[in-house]
Amino acid sequence: MVMIVKVGIAGLGRSGWGIHADTLEKCPSMYRVAAVFDPIEQRRTEAVQRFGCKAHLDFDSLMRDRDIELVAIATPSHLHAKQSIEALRAGKMVVCEKPMATTLAETDAMIETARETGRLLTIFQNRRFDQDFLKVREVIQSGKLGRIVLIKMSSHSFSRRWDWQTLQKFGGGELNNNGSHSIDQALQLLGEKEPEVFCDLQRTLTLGDSEDHVKIVLKAPNSPAIDIEVTHACAYPQNRWIVMGTKGGLTGNASSLEWKYFNPDDLPPRQAETEPTPDRSYNWEGIPWKEETWTATEDYDAGALTFYHELYRTLRQGAPLSVTPESVRKVMWVIEMCRECRNCIGASGQKRRV
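Bear in mind the structure is a predicted one, so any value in this text is a computation, not a measurement. (Residues numbered from 1 in each chain as written. Predicted model: local features only at pLDDT ≥ 70, side-chain atom pairs only at ≥ 80, totals over all residues. Heavy atoms only, no water.)

1. Some points on helix H7 (residues 179-190)
Next up, step 1: Here H7 is twelve residues long and its end C-alpha atoms lie 16 Å apart, about the 16 Å a rise of 1.5 Å per residue gives.
Next up, step 2: In terms of burial, H7 is a largely internal element, ten of the twelve residues being buried.
Next up, step 3: Among all positions of H7, only Gly 179, Ser 180, His 181, Ser 182, Ile 183, Asp 184, Gln 185, Ala 186, Leu 187 and Leu 190 are buried.
Next up, step 4: Lining the buried residues of H7 we find helix H6 (131-142), strand S7 (148-156), strand S9 (213-219), strand S10 (225-231), strand S11 (241-245) and helix H9 (325-340).
Next up, step 5: Count one or two residues on from H7 and you reach Gly 191, which has phi positive near 80°. (Helix = DSSP H or I, 4+ residues; strand = E, 2+ residues; numbered from the N terminus. Expected span 1.5 Å × (residues − 1). Buried < 20%, exposed > 50% of the residue type's maximum accessible area, 1.4 Å probe, protein only. Contact = heavy atoms within 4.5 Å.)

2. Remarks on the sheet that holds strand S4 (residues 70-73)
Next up, step 1: Spatially, the six strands line up as an open sheet ordered S3-S2-S1-S4-S5-S6, and their pairing is parallel. A strand with exactly one partner marks an edge of an open sheet, and here the two such strands are strand S3 (54-56) and strand S6 (121-123). On average, adjacent strands in this sheet sit at an angle of 25° to one another, irrespective of strand direction.
Next up, step 2: The pairing of strand S2 (residues 31-37) with S3 spans three bridges and is parallel. For Ala 35, the partnering residue across the bridge sits in S3 and is Lys 54. (Pairing = 2+ DSSP bridges. Axes fitted to C-alpha atoms, helices over the stretch in contact; angles between N-to-C directions.)

3. Remarks on the environment of Trp 333
Next up, step 1: Its location among the elements puts Trp 333 in helix H9.
Next up, step 2: On a C-alpha basis, the gap between Trp 333 and Met 100 in space is 11 Å, while along the polypeptide they are 233 residues apart.

4. Things to note about the pairing of S2
Next up, step 1: Most of S2 is tucked away: six of the seven residues are buried.
Next up, step 2: By the bridge criterion, six bridges tie strand S1 (residues 5-10) to S2 in an arrangement that is parallel. Bridging from a neighbouring strand, Gly 8 pairs with Ala 35 of S2.
Next up, step 3: Following the backbone out of S2, through helix H2 (residues 41-51) and into the adjacent parallel S3, one traces a crossover that is right-handed. (Right-handed = clockwise from strand over helix to strand, strands pointing away.)

5. Focus: the environment of Pro 99
Next up, step 1: Along the chain, Pro 99 falls in the loop between strand S5 (93-96) and helix H5 (104-117).
Next up, step 2: Using a relative accessible area of 1% as the deciding quantity, one classes Pro 99 as buried.
Next up, step 3: Sequence separation of Pro 99 and His 232 is 133 residues, and the distance between their C-alpha atoms is 19 Å.
Next up, step 4: Setting aside residues no more than four positions away along its own chain, Pro 99 makes contact with Ser 77, His 80, Asn 176 and Met 332.

6. A word on empty space enclosed by the protein
Next up, step 1: In this structure the tally under the stated criterion is two cavities of 30 Å³ or more.
Next up, step 2: By volume, the largest cavity is sized at about 60 Å³.
Next up, step 3: The wall of the largest cavity is formed by Arg 161, Gln 165, Thr 166, Gly 173, Glu 174, Asn 177, Thr 206, Ser 210, Glu 211, Asp 212 and His 232.
Next up, step 4: Its residues assigned to classes, the lining of the largest cavity shows no nonpolar, seven polar and four charged.
Next up, step 5: Considering only enclosed or pocket space, the second largest cavity measures out at about 40 Å³ in volume.
Next up, step 6: In terms of residue count, helix H8 (residues 302-317) provides more of the lining of the second largest cavity than any other element does, four residues in total.
Next up, step 7: For the lining of the second largest cavity, the residue count by class is four nonpolar, three polar and one charged. (1 Å grid on protein atoms, 1.4 Å probe; cavity = no way out; pocket = protein on both sides within 12 Å on 5 of 7 lines; lining within 4 Å. Points joined across faces, edges and corners; volume = space filled by probe spheres on them. Nonpolar A, V, L, I, M, F, W, Y, C, P; charged D, E, K, R; others polar.)

7. Some details on the packing of H6 against H7
Next up, step 1: In contact at an axis separation of 11 Å, H6 and H7 are set at 25° when each is read in the N-to-C sense. Taken together, the axes of H6 and H7 lie roughly parallel to each other. Seen along the crossing, H6 lies across H7 with a hand that is right-handed. Here Phe 133, Arg 137 and Ile 140 of H6 come into contact with H7, specifically with Gln 185, Gln 188 and Leu 189.
Next up, step 2: Counted by class, the contact of H6 with H7 contains three nonpolar, two polar and one charged residues. (Parallel < 35°, antiparallel > 145°, perpendicular 65-115°, else oblique. Left-handed = near helix turned anticlockwise from the far one by under 90°.)

The structure is reproduced here in C-alpha cells:
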C-alpha cells in the first residue's frame, strides 16, 4: 500500500513555488501538498486553487496543522534555522532549503534539535543529483583522466541584482545562494578529506550590500585543487566544468560534456635530455586521443525530482538518508571560513576544523 506524504510548504516564492511545489506535483503517488504558508494573500490563493490545500496565515499556524508530516522550509535564508528548529520541535520532519543556516552555530543547533526530537532533517542540496555532476564524478572515478590535478567549477554571468538575496540582513549573497551548491558538489568530490580554504569575496554589480563575486579554492592532501567561481561580473562566461588530469581532461556544461584521454603505453618511451632540440624547437609529439561525449537526457531541474524520490525511499522504505545534515554542515563550515577570513586562519592563528 502506497502511503502518500502530506507536505506543508513554508514560503511560496521563487523556490517554494517554482521548485518545491512544481517538483512535488510531479510525484502524486508519493507526495501531496496539503498546506502552505506565505504572508502574501495572492500566493496563498494561488496555492489553494492549484492544490486544493489549506492556507495558513502564519508559520505557527502551519506548525499546529496535525495533517502535515513533512515541512519544506523555503522562506528567506535568515529564517531557515529558526523555522527548521520550530518545525522539528512541533514533531514535523523537515526539508530545509539551502543555505542550511547563516552561521555554523545555527547549523549545530539544527542538528542537535533533530537528534533531541528524533525527527528527520535534510537539506535541499539537490545539485548533488544533477546529471552533469554525476557524470563528471563518474568520469573522474573511472581513472581515464589519470591523476586529477585541478577541477574548475564556474557559474558565470554579468548582471545586476537587487532583490532580498542581495542583502546581508536576510542572509543574502552569492556565497550563501549559489555558492552553497558549488561547495556541496566540491566536497562530494573531495570525500571525507578536510580542505584548506582560500576565498575572495567582492561586491561588484549588486545593488545590495552582500557579495556577488565569489572565488574559492579548496585543497586537501593528496587531492586535486578545486577552483570555484560564482560571479555576476564575468562578461565572457566559461564552461561550467574544466577537469585537468595527467592522462586527459574534461569540459562542458549542464547540457553536455566532452572528455579525451590517452593510454601512456601508446606513447614511445622517452627520457629527459640535455642535448639541444632539433631546429631549436620545443619538444612535441602527437597524442593518440580517445574522445567521448555526453548529452543530458532529462530536464536541468531533474536533480530536484531525484532528491524527493530519494527522500520518499527514506520516509517510506527505510532507505538511508541521501543528504544528511552532518554532510551539509561541511558546506556551512566552508562558508563560515570564507566569511571569517580569506586563508582559513582565524584571529587566534589556529586553523578551525570541520
